[in-house]
Every structure is written in C-alpha cells, then in structure tokens.
Amino acid sequence: MGLVTPELGTFIWMLLAFAIVLFILKKFAWKPILSALKEREDSIEEALCSAERAKEEMAALQADNERILQEARKEREAMLKEAKEMGSKLVSEAKQKATLEADKVIESARINIESEKSAALNEIKAQVALLSVEIAEKILRQQFADDQQQKDYFKKLMDEVKLN
Amino acid sequence: MKNIHRFLLIFFLALNVIPVFASGDEHAEPASQETHEKEKFEPGNFIMDHIADSYDWHVFSVGDFHATMPLPVIVYSQHSGFHMFMSSNFHHGHSDYEGFSIASEGEYRGKVVEMVNGHEVRPFDISMTKNVVAMLISMVILLWVFISVAKSYTRRKGKAPLGLQSFVEPIIIFIRDEIAKPAIGEKTYAKYMPYLLTIFFFIWLNNLMGMVPFLPGGANVTGNITITMVLALFTFVITSVNANKSYWKHIVNTPGVPWWLKFPVPLMPLVEVMGVFTKPFVLMVRLFANITAGHMIVLAFVSLIFIFGQISPGLGYGTSVVSVLFVVFMDMLELLVALIQAYVFTLLSALYFGMATEEHH
C-alpha cells in the first residue's frame, strides 16, 4: 500500500530539512532560550534567597526590638513599683512621725493641763481657806458680840472638857 | 509582533494567489471526465487521496474549476535523465509530460511513473510534494517563531516573558522539567534538550496544521510514514550514538538472566537487539497511525454526506448536520491527540536517551 511505503524523495527532503532546522534552532533558538531561562531562574532563586535572608534579618531585628521593648517595660514596671513602695513607705513613716508628734503634743498638753489644774485647785484651796477664815471671823465676830453669849459658850465648852 | 502577523498574512495570501493564476490554463480542460468522476463517488479513494501525498496542492474546487497550487516535480530517470517541471503540466493527472504521468491504478497509484516499454517504471523521485512543501513551511514557521522568541529573550534579559514568549515558555519548561529531567537525568539532560524541543514543536505544529483544511494546512505531514520514519531515525541514531557501555552490555549479555537463554542459542541478545529496532519502529508507526486514523475518521464522516447525497440530495443535507457534528467532535479530539502524540513521541525519545545513558552500578 502506498500509504505505508516510505518515499525516498520525501525522506531525503525531510532528513535534510530536519537536520538543518535542528542545527539552526539549536544554535540560534534553543541555546539562548534555555540559557536565558536558566539565568532568570537562577536570578529568581537568588532573589528569593536574599528575600528570605532579609526576612530572617528583619525577624531577628524585630525580635531584638521586642526584647528591648520588653526589657524597657520590665524596667519601667520595676521603677514604678519601687517608686510606689518608696512613696508608701514615706507616707507611713510620715504618719508614724505625725502620730508620735501628736502623742507628744497631747502628752505635754495633758501635763500642762494637769499642772494648771493643780495650780488652780491649790489657788482655789487657798482662796477657800482665806474665805472660810474670813467667814469664820465674821461669824465669830457676830457670835461673840454679846458677852453673855461668850460666857455661855465658854461655859459650855468648859463643861465639855472633862478634866480627868 | 505586529510585523510577524503581517508577514504571515502576506506569505499565505501569496501562496493562495499563485494557484488561482496557475489554474487559469487548466480551465480549458474537457469537463466530461470530471463530471463522470463526480457521479461515481468512491469514499475509499476520496479518503486516500486526502491522506496521501500529492504532486500539487489542491486549494478549492468550484464546479469544474480546481484551484491548485502546482509544485515542482523533480525526477531522475535511468532512461531519460534528469527532469524538473511544475506539476501543473500533468493537468491533475490527466495528461503526460516528458514521458511521465501520474499512475491512476496499481502499485504506484498517485505517484509519478515513466512509461518504459509499456511498463510503469518509478523514477528516482525527489519532487517537492505537498507534504514536503508543507513540512518546509512548518520548518520556516518553527525557525521564525523560535528565533524571534530567542531574540526577545536576549532583548528583554531577565524580564518576564511577553507575547509569544509567554506562550512557548511554559511548554519549554514543561519539556525540560517534566520530560527531559526525569527521563534522562539531571546531569545529561541538557545535551538532548534541543532535539526534544525541536521534535515536540515540529510534531505538534504539523499535527495542528494537518487539521487546518486549507493552505498552508491540509497536508498530512505527521500522518506520512516517511516523515515519522525520519523522526524515529533521528531518535534511533541519537540513542545509539550516545549509548554507553552498559547499554550495549545489557543487550549483548543481559544481566540477571539464566545463562542458557544466552548460550548456546543467543535468545536474549536476539530479543534485545530486536528491541533496539522496535523502539524507533513503534515511534514511527504510532505517530503515523494516530494522525492518519484521525484524518480518516473525519474524512469518513464527510464521505457519508456524499454517499447519502448520491441517493438523494435531501438525505445528503440531512446527513450533513449529523456528520458535521461528528466532525466537530472528532476535530476536538484530534486537537487533543495532536498534543498528546507530540508529547508521547518526545517523552519516549527522552526515555530511550535516558535508558542509553543510564549509569549502572
């Protein structure tokens, strides 16, 4: 059958044409294309690698920052805490001092009051004694204005005194 | 990009214009033979004539007017020497020229023969037939496409692909990463890349062009056994030339096989040697058969229209609806087959290269 019989003419043409085209394509098409593809892939690979590196560096930097920030935060907290403690200590100390002072003031006030009071009482006592003496004098003067009476009283006193 | 399109357009328009002029002088031909042929529709001949190679390139027919592109006939005869003339001198195979004619029957049906002493003798025929011209056109397209793509790679170094470049790039990368690298190996694949890329694009382009029913398509290049034979021969030669010692050793003295299979009757070596030749042979037949079969089916569906049309024109029109639907379906399938066959041929070639260069430890 003609369909499956190879033709010499076609064979020669095809052999020649294919060989030439293969050669030309290899030299002027496939080589530059494949090398360009390779080059581009390499450059992409490299770019990706460097991007990865940059990312890692960035991450490291960020971690560093985070750490520093954390430290700063901790430090601030510590400082705040310290300040608070100091403050409360100062306040309590002041309070204590104030209480002490107040106690002292109260004590001295009390002592003062006490002494004032006793002085006043003494004065009152003296006054009362003076007044009683005056009153007694006046009463006595009144009573003993009448001689009879004096004599009676004397007599009475004498009666009371029993000489044993 | 733009001038590429313009060039293509002008190129194909020019191809199409020639036949119209060329067919002018054929118009005077007596029409009786034509009409006689028309009445008797032979689907077998119809299909074979469309699949087979021919000496002119039929473009279209309107009634008895056949627009064909004449192609050069180059023959060397032992009796009358070297001849070169246009195929239009045969007037579609109806007349002789310089003692040569196109055989209408017999062993050399459709081929140029010389009548010597009443016998048809086949001369040494290196005519630029339809398939040869179509193949050359596809070669020109290949050269042009890939050289321009290569240029844009050097012009736009390191940049993203553009236009045609971005169409072929994934295919090139696919062939490299999915065919060549796994089949041949990382170390040696680069050497075979140019060949693999060339056969892949050559086969694919010709498969596709074979599906286009008019110029510059329409020729059944990859469905031609000679073309696939040359391709398979290239694969065979490259395999054999690059084969390493262990490949030949495996053929002559296959390891892991009982000694009595090799001596005294060298059964295994015989089988292995046969294998060396069957591999390219199968490559040749597979591509040829797949493409030819696809074309045959499409043509058979078209033939149905004419067969029924002969019975009654109405039946013919009715059949055409169904036939066209089937042809569309077949063409879709053929589109797929065009790619698959190009892929399979390339993959198997790569596998053979890989087998020949594999390092055994």
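All of these numbers come straight from a predicted model, not from anything done at the bench.

For chain B, the helix and strand inventory stands at 10 helices and eight strands. Scored against the burial criterion, the 361 residues of chain B give a buried share of 33%. For chain B, the proportion of contacts with a sequence separation of at least 24, taken over those separated by at least 6, is 64%.

A word on the pairing of strand β2 (residues 65-70) of chain B. All names here are of chain B. Bridge analysis of strand β1 (residues 56-62) against β2 gives six bridges, and the strand direction is antiparallel. Among the inter-strand pairings, S61 is bridged to a residue of β2, identified as H66. Between β1 and β2, which follow one another and run antiparallel, lie two residues, and G63 among them has a positive phi close to 60 degrees.

The sites that UniProt annotates as "transmembrane region" (unreviewed entry) are residues 12-30 of chain A. Each end of residues 12-30 of chain A is marked by a C-alpha atom, and these two atoms are 25 Å apart; helix forms 100% of the span and strand 0%.

UniProt annotation of "coiled-coil region" (unreviewed entry) refers to residues 37-89 of chain A when read in the numbering used here. The span residues 37-89 of chain A carries 100% helix and 0% strand; its end-to-end C-alpha distance comes to 76 Å.

This part takes up the sheet that holds strand β5 (residues 100-102) of chain B. Residue and element names in this part refer to chain B. The three strands are arranged β5-β6-β7 in an open sheet whose pairing can be described as antiparallel. Because the sheet does not close on itself, it has two edges, and the strands there are β5 and β7 (119-121). On average, adjacent strands in this sheet sit at an angle of 45 degrees to one another, irrespective of strand direction. Direction of pairing for β5 relative to strand β6 (residues 112-116): antiparallel, over a ladder of three bridges. Its bridge partner lying in β6, F100 is registered against E114.

Residue and element names in this part refer to chain B. Looking at the assigned domains, one finds that chain B contains domain 1 (2-127) and domain 2 (131-357). At the level of elements, α1 (2-22), α3 (43-51) and β1 are the ones that each hand at least two residues to the side of domain 1 that touches domain 2. The element best represented in the side of domain 1 that touches domain 2 is α3, accounting for five residues. When the residues that make up the side of domain 1 that touches domain 2 are grouped by side-chain class, the tally is 11 nonpolar, two polar and one charged.

What follows deals with the nonpolar core. Core analysis: the biggest nonpolar cluster contains 69 residues, and I33 of chain A together with A180, Y192, L196 and F200 of chain B have the highest contact counts within it. Secondary-structure elements contributing two or more residues to this core are α1 (8-143) of chain A together with α4 (130-155), α5 (164-184), α6 (189-211), α7 (225-242), α9 (267-311) and α10 (313-357) of chain B. For this core, the two domains that each supply at least three residues are domain 1 (2-127) and domain 2 (131-357) of chain B. In terms of nonpolar packing, the next biggest core, distinct from the first, is built from eight residues, Y55, F90, F100 and I102 of chain B among them.

To continue, consider the interface of chain A and chain B. How big an interface is tends to be expressed through the accessible area that disappears when the partners come together. Contacts between the two partners involve 31 residues from chain A, matched on the other side by 39 residues from chain B. Taken together, the residues of the side of chain A that touches chain B sort by class into 23 nonpolar, four polar and four charged.

Residue and element names in this part refer to chain B. With a phi close to 50 degrees, E98 is a non-glycine residue in the positive phi region. Here E98 lies in the loop between β4 (81-86) and β5. Accessibility expressed as a C-beta count within 10 Å gives 14 for E98, which makes it partly exposed.

On to the sheet that holds strand β8 (residues 124-125) of chain B. Residues and elements named next belong to chain B. On the basis of which strands lie adjacent, the open sheet formed by three strands has the order β4-β3-β8 and antiparallel pairing. The sheet is open, and its two edges are formed by β4 and β8, each paired on a single side. With six bridges connecting them, strand β3 (residues 72-77) and β4 associate as antiparallel partners. Following the sheet pairing, V75 is matched in β4 by H83.

Between its terminal C-alpha atoms α7 of chain B stretches 25 Å, which fits the 26 Å expected from 18 residues at 1.5 Å a residue. Among the residues of α7 of chain B, I225, T226, I227, T228, M229, V230, L231, A232, F234, T235, F236 and T239 of chain B are the ones counted as buried.

Below, the discussion takes up the confidence of the model for chain B. Per-residue confidence for chain B gives a mean pLDDT of 84, with 89% of residues at or over 70. Long-range and interchain partners of residues 9-37 of chain B, a stretch whose pLDDT sits below 50, account for 29 contacts in this model, where long-range means more than four residues apart.

What counts as what
Residues numbered from 1 in each chain as written. Chains lettered and ligands numbered in written order. Predicted model: local features only at pLDDT ≥ 70, side-chain atom pairs only at ≥ 80, totals over all residues. Helix = DSSP H or I, 4+ residues; strand = E, 2+ residues; numbered from the N terminus. Buried ≥ 20, exposed ≤ 12 C-beta atoms within 10 Å, placed from the backbone. Contact = placed C-beta atoms within 7 Å. Pairing = 2+ DSSP bridges. UniProt positions renumbered as here; feature names shortened; annotations may be inferred. Axes fitted to C-alpha atoms, helices over the stretch in contact; angles between N-to-C directions. Domains from an automatic or database assignment. Nonpolar A, V, L, I, M, F, W, Y, C, P; charged D, E, K, R; others polar. Core = buried A, V, L, I, M, F, W, Y, C linked by C-beta atoms within 7 Å. Expected span 1.5 Å × (residues − 1). pLDDT = per-residue confidence, 0-100.

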